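Examining the three-dimensional arrangement
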Amino acid sequence: MEWLRRLAVAGLAVLVVAAPIAVTAGSSARGTDLVVSRVTARTTPVLDRAGQQWAPAASSLTGARISTALAAADIAGTDDDALYQINAYGMSAYTAQLAEPGQYRVRLLMVETYWRSPDKRVFSVLAEGQPAVADLDLFAEAGYATAHERSFDVEGTDGTLN
């Protein structure tokens, strides 16, 4: 995803993401999603409560800085605290390699880690150059240290999703 950087110019982090980003493609023969990429901002892999492994995404998150502000926090709205406690912010891009062209669903799992009032961090997300999330204010929608998810579909045509 290309993260809009217009807010970074003002010294704000463009995005605070618990950075798990799950990219799924179509359906397998069993009728379940085929996961292409499942990454988190952590520096080591982590298992979610369903036993699914999330890989570190450091090399996929262009320009990101890592925050441990919520490393020991209870994250409201989820039983998967570990996916949200270490997060990335200030990134300018995320890239996932695709095995083949097709329609993909992207899930962004996010949490506001700093601001405790609305209108302090508002950001947008582009996927493949098209608007996917517009003017999201995590605090206004979910509150502080509360899990929030956005999903959208995107067409991947060139072997990478960005």
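Okay, so let's go over this structure.

The rules behind the values
- Residues numbered from 1 in each chain as written.
- Predicted model: local features only at pLDDT ≥ 70, side-chain atom pairs only at ≥ 80, totals over all residues.
- Heavy atoms only, no water.
- Phe/Tyr/Trp six-rings, centres within 6.5 Å; stacked < 30°, edge-to-face > 60°.
- Lys NZ or Arg CZ within 6 Å of the ring centre and 35° of its normal.
- Helix = DSSP H or I, 4+ residues; strand = E, 2+ residues; numbered from the N terminus.
- Buried < 20%, exposed > 50% of the residue type's maximum accessible area, 1.4 Å probe, protein only.
- Contact = heavy atoms within 4.5 Å.

What follows concerns the packing of aromatic side chains. For the structure shown, the criterion picks out 1 aromatic pair. Between Tyr 114 and Trp 115, the aromatic rings sit 4.8 Å apart at their centres with planes inclined by 90°, giving edge-to-face as the arrangement. If you follow Arg 116 out to its NZ or CZ, it ends over the ring of Tyr 144, 3.7 Å from the centre.

Along the polypeptide, Pro 101 turns up in the loop between strand 10 (96-97) and strand 11 (102-110). Since its relative accessible area comes to 56%, Pro 101 is described here as exposed. Measuring from C-alpha to C-alpha, the distance between Pro 101 and Thr 157 comes to 4.5 Å, with 56 residues separating the pair along the chain. If we ignore the near neighbours within four places in the chain, the residues touching Pro 101 are Gly 156 and Thr 157.

With that out of the way, let us pick up unusual backbone geometry. Its identity as a non-glycine residue notwithstanding, Glu 128 has a phi of 55°, on the positive side. Take Glu 128: it is sitting in the loop between strand 12 (123-127) and strand 13 (130-136). Backbone geometry places Asp 135, a non-glycine residue, at a positive phi of 50°. Inspection of the secondary structure assignment puts Asp 135 in strand 13. For Asp 135, a relative accessible area of 49% puts it in the partly exposed group.

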